[in-house]
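# Understanding the architecture of this molecule
Letter by letter, the chains look like this.
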2 protein chains.
Amino acid sequence: MTAFGEHDASLPELFTDAAKTALADAGVGPGEVEALFLGNSFGGEMEGQSHLGPLVASYLGVPGIPVSRIEDACASSSNAFRQAVRAVETGRHEVVLVGGVERTSAATGRDTAERTRTFGAAADGRYEQPVGVTFPGVFALVSRRSVHDGLYDEREMASVAVKNHANGSMNPRAHLRNEIAVDDVLDSPVVASPLKLYDCCPFTDGASAAVVTTPEYAASLRDDPVTVRAVEQATGRTPLHDKPDLTELDTVERAGQRAYEAAGLTPADVDVLEAHDCFTSAEIMATEALGFFEKGSGGRAAAEGLTALDGVLPVNPSGGLKSKGHPVGATGVAQIVEITEQLRGESGERRVADARIGMTQNLGGDFGTCVVSLLEAAA
Amino acid sequence: MTAFGEHDASLPELFTDAAKTALADAGVGPGEVEALFLGNSFGGEMEGQSHLGPLVASYLGVPGIPVSRIEDACASSSNAFRQAVRAVETGRHEVVLVGGVERTSAATGRDTAERTRTFGAAADGRYEQPVGVTFPGVFALVSRRSVHDGLYDEREMASVAVKNHANGSMNPRAHLRNEIAVDDVLDSPVVASPLKLYDCCPFTDGASAAVVTTPEYAASLRDDPVTVRAVEQATGRTPLHDKPDLTELDTVERAGQRAYEAAGLTPADVDVLEAHDCFTSAEIMATEALGFFEKGSGGRAAAEGLTALDGVLPVNPSGGLKSKGHPVGATGVAQIVEITEQLRGESGERRVADARIGMTQNLGGDFGTCVVSLLEAAA
């Protein structure tokens, strides 16, 4: 992946940077790439560039190969990863490149209101958009109800931000590398109550990429390839008001269950998790929906350090969306990159000790899409 | 598919109409749908609605199933069809719904300049967009060079429009059902020389859908299921100025070759073709690139009636993009719908006699993406 932050490069240039890093890491040349799946959420809306597939293939020097752009809001590149894994599973392709790219920062030349509106297009156009519910608003509705019900509190939410900034401060590719304290979060300006500024991830630019291949070819390339045990997607009922219970992340639960079942694993097997913490409360709720903590105990778990680097389940060692940043279409595969490096023991001072099984959880839109992957370290 | 024309419905509503028609035609209930692939080019840019996957699943009453939105410009839903076919081939899913939806007409509330600019986002953002090359411009560059080289002329181009309007006049779902004469085309206003107004397809709204399943399950549902012999994609070098020869549709040629090879068929086996005639010259060049006519003879073939309904190779019996209309993200699967009905003998007065093998060819952007399918009638 590229460093996450502000970038002036075009989308194809940015993606090519990440792709070349991934190819070099895997030890394969561009000419070996047989197909490409690319996640991007709003190149058209934000920068007037859609139809990225053939452009990135041309930039990579492999015009001709099949390429599809996948758009599933913030879960675009994890869903692209799902397609890439399937393409190899079928035996149709041996080497598939997958990744994502997005620019959402001020470097796009768009002001905050425009960018917020562009993000908002991923919410329901009949009911949510017309009343002005942007994404902080969507997550505030869910968080407000949860806090009201006593499922977690604002101090516990803040502890997620503190942890993720601490992790991100050790990640050279993270966007926000400053450490913060609980009071910094609680004292920061309210964005949409109960979400304060430091409960929210930043607008970020960046790209990510990974090479997916067969176990046999992978073994010939490296002695530490990571195995994809499962990658599963679920959607959820939208818009928000049709959900039976605002405090249930049923989309995440369903995607998690499918992944555990496909891999033959349980939450107890997972050593490290990259979760979708677009807002701090989203991380708390994801750790519950994925079966790591009982409903109503995820916030306390975070506050007590159970999800810290040295906790029972380290969550977001990369810094997560909160600190590493959230270039929407690039986020899913960036989680794959982090878990891959963790399972290969390459994460430096933020390394999770003895991690064998890693999980990624990537959410899209108003809880409409979730993709969960389970990866395993080489024996 | 829905009727093509101007629609006031939202994208999820419009797609649901097509999806229900497809499900009823196949004899399967929404509850049997295990996954969905949806083509849409610019719901975000045109109407502020991205992340369509979970929305359409919710509208169909099947929230929860995996859904991906595919965006590959005008080839979005044919590429979605490719993914749907692969998902069934792998054995992972038995019943997959696929389709596309788009609104591009004045019913969107956007003026012609805005809509032209939105389409233009599918061209290269560095070189083509800044100099004002819109899609009529892109195709005019290619057509002008071809006419200069004597490969076809403007009268032959006009004959494609005349044929497709004649076919479309018999298609109750076509957008433009008026018959026209060669002089109407030649006398119509110049859009981008040598393309006149009647060389260009209209701005259209519509949706299309198809059910993809295993041969075994298909046989239990109907006695005339259509078999997918191949569906293959290729990309091409972009932007346009990097192509070695403007008059070679190498992307189409490559996709066609892959499809013939995958199906074990040749051009001589094809009885009917739905081609991507966004502009009349594009149809001429597609019939050459797909191996039906020698380079430089496709225009004459059209003018002499070889591609008419009673010709040696009927092309665009539906009326094509030119007359049936071109709701971008819906076009690929609408071609599949037409060929399916042709192979089942359900096309009324525009039926191609004794059609056993049908082909679709769907182009995206500045010749960047092409998807070609080969379908076969039940024995």
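Residues numbered from 1 in each chain as written. Chains lettered and ligands numbered in written order. Predicted model: local features only at pLDDT ≥ 70, side-chain atom pairs only at ≥ 80, totals over all residues. Heavy atoms only, no water.

### Things to note about the sheet that holds strand E9 (residues 357-364) of chain B
Residues and elements named next belong to chain B. For clarity, the cut-off: By definition, two strands form a pair when at least two bridges between them are found by DSSP. In this text, helices come from DSSP runs of H or I with a minimum length of four residues, and strands from runs of E with a minimum of two, each type numbered from the N-terminal end. Note on geometry: axes are lines fitted to C-alpha atoms, helical ones only across the stretch in contact, with angles between N-to-C directions running from 0 to 180 degrees. Any two residues whose heavy atoms approach within 4.5 Å at even a single point are treated as in contact.
Taking strand neighbours across the sheet as the criterion, the 4 strands line up as E7-E10-E9-E8 in an open arrangement whose pairing is mixed. Edge positions in the sheet fall to strand E7 (227-235) and strand E8 (272-274), since each of these pairs with one other strand and no more. Here the average twist between neighbouring strands, direction ignored, is 15°. Bridging between E9 and strand E10 (residues 369-376) involves 8 bridges; their strand directions are antiparallel. What sits directly across from Leu 363, in E10, is Cys 370. Helix-sheet contacts for helix H4 (residues 76-89) involve E7, E9 and E10, and the interaxial angle to E7 is about 125°.

### Observations regarding helix H11 (residues 280-289) of chain B
This is how the line gets drawn: The classification of residues rests on relative accessible area computed with a 1.4 Å probe and restricted to protein chains. Under 20% of the type maximum is buried, over 50% is exposed, and intermediate values are partly exposed.
By the criterion of burial, H11 of chain B is predominantly enclosed, with 10 of the 10 residues buried. Positive phi shows up at Gly 291 of chain B, right after H11 of chain B, with a value of about 90°.

### Thoughts on helix H14 (residues 328-343) of chain A
Residue and element names in this part refer to chain A. We count it as follows: The span you would expect from a helix comes to 1.5 Å times its residue count less one.
When the terminal C-alpha atoms of H14 are compared, their 24 Å separation across 16 residues agrees well with the 22 Å that a helix rising 1.5 Å per residue should span. The element H14 is largely enclosed, with a buried count of 16 among its 16 residues. Where H14 ends, the next residue or the one after it, Gly 345, has phi of about 70°, a positive value.

### What about empty space enclosed by the protein?
Short version of the rule: Cavities and pockets were defined on a 1 Å grid built from protein atoms only: a cavity is a group of points that admits a 1.4 Å probe but offers it no way out, a pocket is an open group of points flanked by protein on both sides within 12 Å along at least five of seven lines, and a lining residue is one with an atom within 4 Å of any such point. Grid points are joined across faces, edges and corners, and a volume is the space filled by probe spheres set on the points.
For the coordinates displayed, the defined rule picks out 5 cavities of 30 Å³ or more. Quantified by volume, the largest cavity comes out at close to 180 Å³. In terms of lining residues, the largest cavity is bounded by 16 residues, among which Gln 83 and Arg 86 of chain A together with Gln 83, Arg 86 and Ala 87 of chain B are the most central. Those elements that provide at least two residues to the lining of the largest cavity are helix H4 (76-89) of chain A together with H4 of chain B.

### Some details on the environment of Ala 377 of chain B
All names here are of chain B. Mapped onto the secondary structure, Ala 377 falls in the segment after E10. The buried category is assigned to Ala 377, whose relative accessible area is 7%. Placed 152 residues apart in sequence, Ala 377 and Pro 225 show a C-alpha to C-alpha distance of 7.1 Å. Leave out the neighbours within four places in its chain, and Ala 377 touches Pro 225, Leu 343, Ala 355 and Arg 356.

### With respect to the relation of the copies chain B and chain A
A rotation about some axis, followed by a shift along it, carries one copy of the chain onto the other. Definition in use: A least-squares superposition brings the copies together, and it is based on the C-alpha atoms of residues with pLDDT no lower than 70 in both.
Mapping chain B onto chain A is achieved by rotating through 180° and translating by 0.0 Å along the same axis, at an RMSD of 0.0 Å. Both chain copies can therefore be described as sitting about a two-fold axis. Both copies contact each other with a shared surface, as 100% of the interface residues of chain B are interface residues in chain A too.

### Topic: the pairing of strand E3 (residues 95-103) of chain B
All names here are of chain B. Within E3, 9 of the 9 residues are buried, which leaves it mostly tucked inside the rest of the structure. Neither face of E3 is exposed, since Val 95, Leu 97, Gly 99, Val 101 and Arg 103 on one face and Val 96, Val 98, Gly 100 and Glu 102 on the opposite face are all buried. Pairing between strand E1 (residues 35-39) and E3: 5 bridges, direction parallel. Note that in E3 the partner of Gly 39 across the bridge is Gly 100. Summarising the sheet, E3 and strand E6 (residues 205-213) pair through 9 bridges and their orientation is antiparallel. Each bridged residue has a counterpart across the sheet, and for Gly 99 the counterpart in E6 is Ala 209.

### A closer look at the environment of Leu 321 of chain A
Structurally, the position occupied by Leu 321 of chain A is in helix H13 (residues 320-323). In contact with Leu 321 of chain A, not counting residues within four places along its chain, are Cys 201, Pro 202, Ala 275, His 276, Asp 277, Cys 278, His 326, Thr 331 and Gln 335 of chain A.

### Topic: the pairing of strand E2 (residues 67-71) of chain B
Most of E2 of chain B sits inside the fold, with 5 of its 5 residues counted as buried. Neither face of E2 of chain B is open: one carries Val 67, Arg 69 and Glu 71 of chain B, the other Ser 68 and Ile 70 of chain B, and all of them are buried. Bridge count between strand E2 (residues 67-71) of chain A and E2 of chain B: 3 bridges; the pairing is antiparallel. In the strand pairing of E2 of chain B, Glu 71 of chain A is matched with Arg 69 of chain B. Where E1 of chain B meets E2 of chain B, 4 bridges bridge the pair, whose relative direction is parallel.

### Re the interface of chain B and chain A
Note the cut-off: Buried area is a sum: the accessible area each of two parts loses on coming together, probed at 1.4 Å, counted once for each and added. We define a salt bridge as a side-chain nitrogen of Lys or Arg found within 4 Å of a carboxyl oxygen belonging to Asp or Glu.
Counting residues at the interface gives 51 residues for chain B, matched by 51 residues for chain A. Interface area for chain B against chain A, summed over the two sides, is near 4100 Å², with a carbon-plus-sulfur share of 41%. Ranking the residues of chain B by area buried against chain A places His 51, Glu 71 and Arg 92 of chain B at the top, with a combined share of 15%. Linking chain B with chain A are 6 salt bridges.

### Comments concerning the packing of helix H1 (residues 11-26) of chain B against helix H3 (residues 52-59) of chain B
Residue and element names in this part refer to chain B. Rules: Here the angle decides the label: under 35 degrees means roughly parallel, over 145 means roughly antiparallel, 65 to 115 means roughly perpendicular, and every other value means oblique. Crossings are sorted by hand: turned counterclockwise from the far helix by less than a right angle, the near helix makes the crossing left-handed, and turned clockwise it makes it right-handed. Amino acid classes used here: Ala, Val, Leu, Ile, Met, Phe, Trp, Tyr, Cys and Pro are nonpolar; Asp, Glu, Lys and Arg are charged; the rest, including Gly, are polar.
Direction vectors running N to C along H1 and H3 enclose 55°, while the axes themselves pass 9 Å from each other. Looking at the two axes, H1 sits oblique to H3. As for the relative orientation of H1 and H3, their crossing is right-handed in sense. When H1 is examined against H3, the residues Leu 11, Pro 12, Glu 13, Phe 15 and Thr 16 are found in contact with a partner set consisting of Leu 52, Leu 55, Val 56 and Tyr 59. Split into classes, the residues belonging to the contact of H1 with H3 amount to 7 nonpolar, 1 polar and 1 charged.

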